[in-house]
Amino acid sequence: APGSDRTNKNPVATAPGSDRTNKNPVATAPGSDRTHNHRISVLAVVSVLIIYGCIASAQSLPTAPRVFLLNGQFLQQNKRQLLNPGEAGTLRPALVKLESDAQKALGIPALSITAKTALPPSGDKHDYLSQAPYWWPNPDKPTGLPYIRRDGETNPEIKQIPDHAVLDQMINAVITLAAAYYFTGKEAYAAKAAEILRGWFLDPKTKMNPNLEFAQAIPGVNTGRGIGIIETRNLPYVIDAIGLLNGSRPWGAADQAGIQSWFVKFLAWLTESPNGRDESDEKNNHGTFYDVQVVAYSLFTGKTEAAKKALESAKKIRIVEQLEPDGRQPLELARTKSWNYSNMNLEGLLMLAALGESAGVDLWNYKAADGRSIRRAIDFLFPFALNPKTWTYKQIETFTPERLFASVRVAARSYRDAAFAKMMSSLPALPSDDRAQLLGH
């Protein structure tokens, strides 16, 4: 050990210019004991330095982040590739585009639902508020009340209440900044992401209360409903963003504890409130995305058994009850935007399957006795994506094949058989600067 008597007796460690150094010249005759000891000492020091260097190098390698929807190993692999100049080329365009988006996000103002002018029935602007998008004034009533439903047709009145739009802006900004920080290590991105997260979830002056009591209200009918929970379907990506911020200086232990506490409360509201229970009973995409949120928040807050229970239940109430043996989704096909909603529900099922990997529940390969499965849902939709004119169900908006292509690419990491490989070969090439090159989504 350094500083011991044995070290002091070691000629290599003796102070230059001392009597001992003069009495133990390096030019000792080859083959002598002193030369032998000297060489052993030098080799020992070199060995220690090599070992220490290897440990330091291993510690500097990027680790897989704690994420649930994104694939941590895929992110880790891409970060390692970017750190290697000889391999980074294929991912460089996507990183440049991601940083460009992050630079824009650095300039966005504070985001909070308390900035709205409309007041929720509670009188508290910290409560989320939105209006049902497909409900319109009744032309047969002087007051227009109660509103009536026109499926798939969005009432522009909803823009008067900005909470939903600001929520989506917050989610997009946070995941962009967190991803840019993860791949570049630039603390400015982490600092802005942390600022936005604190403003939305932690700051007493601006934070959102952990409920959706007044989401998707229908004028003349109600002040909010369970169906409004669909508006936070992408909120689980914020949890992944937090995982990407781990280790950054701007995001500390108090921030982590505070936001976990927020999600504990939100999860309790989802599972215990009348609106939450109503949404859990929905049979279409609403039920799927309710499960996505319950599972994601349960995993994030350490409630793994609750997540497993929800995932096991999803095998029957989401896959078996929503899909036909050939992969059709009858409740989504009945909508006026049948292609959009079929893809939307499929995206929710893929999210559940991804979450299942963290809980040890395999939804990717789950198959009912008659063949109902996530894979069948993809197989049913794929031929129409290649030939949109063959889609005969009602679709009042533009048909977008690329929406399914994105899902197929996500599923490709789990389905590696020849048939799926052939399906992948039919896809158009993903642009080199597409964020999915880095994130997989």
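Rules of the game
Residues numbered from 1 in each chain as written. Predicted model: local features only at pLDDT ≥ 70, side-chain atom pairs only at ≥ 80, totals over all residues. Heavy atoms only, no water. 1 Å grid on protein atoms, 1.4 Å probe; cavity = no way out; pocket = protein on both sides within 12 Å on 5 of 7 lines; lining within 4 Å. Points joined across faces, edges and corners; volume = space filled by probe spheres on them. Helix = DSSP H or I, 4+ residues; strand = E, 2+ residues; numbered from the N terminus. Nonpolar A, V, L, I, M, F, W, Y, C, P; charged D, E, K, R; others polar. Buried < 20%, exposed > 50% of the residue type's maximum accessible area, 1.4 Å probe, protein only. Expected span 1.5 Å × (residues − 1). Bend = angle between axes of the 7 residues up to and from the residue. Contact = heavy atoms within 4.5 Å. Core = buried A, V, L, I, M, F, W, Y, C linked by side-chain atoms within 4.5 Å. Salt bridge = Lys/Arg side-chain N within 4 Å of Asp/Glu carboxyl O.

**Student:** Is there a simple way to explain the layout of surface pockets in this structure?
**Tutor:** In this approach, a probe sized like a water molecule rolls over the atoms, and the result shows the empty space that is left. Approximately 1100 Å³ is the volume found for the largest pocket. Taken together, 32 residues make up the lining of the largest pocket; nearest its centre are Tyr237, Ala406, Val410, Gly440 and His441. When residues of the lining of the largest pocket are traced back to their parent elements, those giving at least two are helix H6 (163–184), helix H14 (338–359), helix H16 (401–411) and helix H18 (436–439). Across the lining of the largest pocket, the residue classes tally to 17 nonpolar, 6 polar and 9 charged. Approximately 860 Å³ is the volume attributed to the second largest pocket. Among the elements of the structure, strand E1 (129–131), H6, helix H11 (285–300) and H14 are those that each provide at least two residues to the lining of the second largest pocket. Tallied by class, residues from the lining of the second largest pocket come to 11 nonpolar, 10 polar and 11 charged.

**Student:** Honestly, the environment of Pro401 in this entry has me stumped. Any pointers?
**Tutor:** Along the chain, Pro401 turns up in helix H16. The class for Pro401 is buried, based on a relative accessible area of 14%. For the pair Pro401 and Phe382, spaced 19 residues apart in sequence, the C-alpha separation works out to 8.7 Å.

**Student:** Teacher, can you tell me more about helix H12 (residues 304–322) here?
**Tutor:** Residues separated by three or four positions in an α-helix point in the same direction, a consequence of the helix having 3.6 residues per turn. Spanning 19 residues, H12 covers 25 Å between terminal C-alpha atoms, matching the ideal 27 Å at 1.5 Å per step. Taken as a whole, H12 carries its principal kink of about 45° at Ala314. Residues of H12 that are buried make contact with helix H10 (274–280), H11, helix H13 (330–333), H14 and helix H15 (374–386).

**Student:** When you look at the nonpolar core in this model, what are you seeing that I'm missing?
**Tutor:** Nonpolar side chains in soluble globular proteins tend to end up buried together. Judged by nonpolar contacts, the single largest core of 113 residues is most densely connected at Met170, Phe201, Leu235, Ile374 and Ile378. In terms of residue count, H6 provides more of this core than any other element does, 14 residues in total. Contacts of Ile378, omitting those with residues within four sequence positions, involve Leu346, Leu350, Val408, Ala411, Tyr415, Phe420 and Met423.

**Student:** Quick question: what am I supposed to make of the pattern of salt bridges here?
**Tutor:** One side chain can pair with another of opposite charge once the charged atoms of both are near each other. A full pass over the atoms with the stated rule returns 19 salt bridges. A salt bridge links Arg318 to Asp291; the shortest N-O distance between them is 2.7 Å. Taken together, the residues Arg318 in helix H12 and Asp291 in helix H11 connect sequence positions 27 residues apart. For the pair Arg318 and Asp291, a shared accessibility class is recorded, and that class is buried. A salt bridge links Asp379 to Arg375; its shortest N-O distance comes to 3.4 Å. Taken as a pair, Asp379 and Arg375 lie in helix H15 at a separation of 4 residues, close to a single helical turn. Look at Asp379 and you get partly exposed, because its relative accessible area is 30%. Residue classification places Arg375 among the buried residues on the basis of a relative accessible area of 17%. Three or more residues are tied together by salt bridges with common partners; here these are Lys97, Asp101 and Arg435.

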